[in-house]
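# Structural description and commentary
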Amino acid sequence: MLILFGYVAVVASVIGGYMMVGGHLAVLLQPAEIVIICGAAMGAFIASNNGKAIKATLRVVPKLKGSVKYNKELFMELMALLYLLLAKGRQEGMMALERDVESPAESPLFTRYPKLMADPLLMEFLTDYLRLMISGNMDAFEIESLMDHEIETFQHEAEIPVNAISGVGDGLPAFGIVAAVMGVVHALGAEGLTPEEVGPLIAAALVGTFLGILLAYGFVTPLATHVRHQIGEVEKMLQCIKVTLLANLNGYAPPIAVEFGRKVLYSTERPSFSELEEHVRAVRSQPSGNGQG
């Protein structure tokens, strides 16, 4: 919705300002310029990326229309789940978590949080490191190093579509210039035209520069920035899990370990200490069979 609102604001501002000075919209309708710019940009996108990058970019585009996924409510649920898991491991031993980790869909702890279970990336990250903690064969330093490598790998892989989209945005102004130059060449190369006839052709050619810059900075580049923000939200979830589990490995009690996780969150999503404490207390008092979304 925010992307659509932003696009409407861009179009309204540019076209509205153009109309205020008496501009004619018909002049801006240049199908040939659009074909040159968009076609060249698409060709450059295909030529500069491999199959994996193209597929990754195409998978990202449909996700842009979704609303914000990683909000304060979801972070609260994540920290509540972490508390329940670590509290059970502290009270009954880490081996007691083995069945929960191996079959989350059948676990009374995981099934409380269907929103978290619907995210395969988070579930895989959480269960993998809980499995390592249960095995007891790795110390906190080794697990932290492995977590850092995995988060770094996720970041590099997730930024492939960002770089691909940014590349298209960077190239659009240049392709706009190409379209404009070709239009000028056409206008100046035409024989027998009077100055009054050449003028509209030059104006039509310059529309190419306008379209290239507008598409780049008004439409394509903001998409890359939006995807980068989404990646940052996922990273913050992974970091919250990382810090909480490491705090537990270093001997801190579950409430303190969860507090470590709270501290790494952005201020816009971070619950206050009292909010988290009340939420954890409410979760702790609920029977394990209760559903919670």
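Attention here is on the structure that accompanies the text. Fair warning: this is a prediction, and the values are worked out from it, not measured in the lab.

The rules behind the values
Each chain carries its own residue numbering, running from 1 in the direction its sequence is written. Under the rules for a predicted model, residues below a pLDDT of 70 receive no local features and side-chain atom pairs below 80 are neither given nor counted, while totals for whole chains, interfaces and linings still include all residues. To get the side-chain values, all heavy atoms of the structure are used, and hydrogens and water are removed first. Helix and strand assignments come from DSSP, with helices taken as H or I runs of at least 4 residues and strands as E runs of at least 2, each series counted from the N terminus. An expected span of 1.5 Å times one less than the residue number is assigned to each helix. Counted as salt bridges are all cases of a side-chain nitrogen of Lys or Arg within 4 Å of a carboxyl oxygen of Asp or Glu. Each residue gets one of three labels from its accessible area relative to the maximum for its type: buried under 20%, exposed over 50%, partly exposed in between, using a 1.4 Å probe on protein chains only. We define the nonpolar core as a collection of buried residues of types Ala, Val, Leu, Ile, Met, Phe, Trp, Tyr and Cys that are connected through side-chain atoms lying within 4.5 Å of one another. Only heavy atoms matter for contacts: two residues are in contact if any of them lie within 4.5 Å across the pair.

With that out of the way, let us pick up helix α1 (residues 2–20). Between its terminal C-alpha atoms α1 stretches 26 Å, which fits the 27 Å expected from 19 residues at 1.5 Å a residue. Among the residues trailing α1, Gly22 stands out with phi positive, at a value near 90°.

Attention shifts here to the pattern of salt bridges. Using the criterion set out here, one finds eight salt bridges in the structure. Residue Arg131 pairs with Glu102 through a salt bridge whose shortest N-O separation is 2.9 Å. Here the residue Arg131 occupies a position in helix α8 (residues 120–135), and Glu102 occupies one in helix α6 (residues 98–102), the gap between them amounting to 29 residues. With a relative accessible area of 45%, Glu102 lands in the partly exposed category. In this structure, Arg281 engages Glu277 in a salt bridge whose closest nitrogen and oxygen atoms are separated by 3.7 Å. Residue Arg281 and its partner Glu277 are both found in helix α12 (residues 273–285); the two are separated by four residues, about one turn of the helix.

This part takes up helix α5 (residues 72–92). The end-to-end C-alpha separation of α5 is 30 Å, in line with the 30 Å expected for 21 residues at 1.5 Å each. The buried fraction of α5 amounts to 16 of the 21 residues, a majority that puts the element mostly inside the structure. Just beyond α5, the residue with positive phi is Gly93, at close to 95°.

Let us look at the nonpolar core. Ranked by internal contacts, the top residues of the largest apolar core, which has 66 residues, are Leu85, Leu126, Leu130, Met237 and Leu245. With 15 residues, the top contributor of residues to this core is helix α10 (residues 195–249). Setting aside chain neighbours within four positions, we find Leu85 in contact with Leu97, Leu109, Phe110, Leu126 and Leu130.

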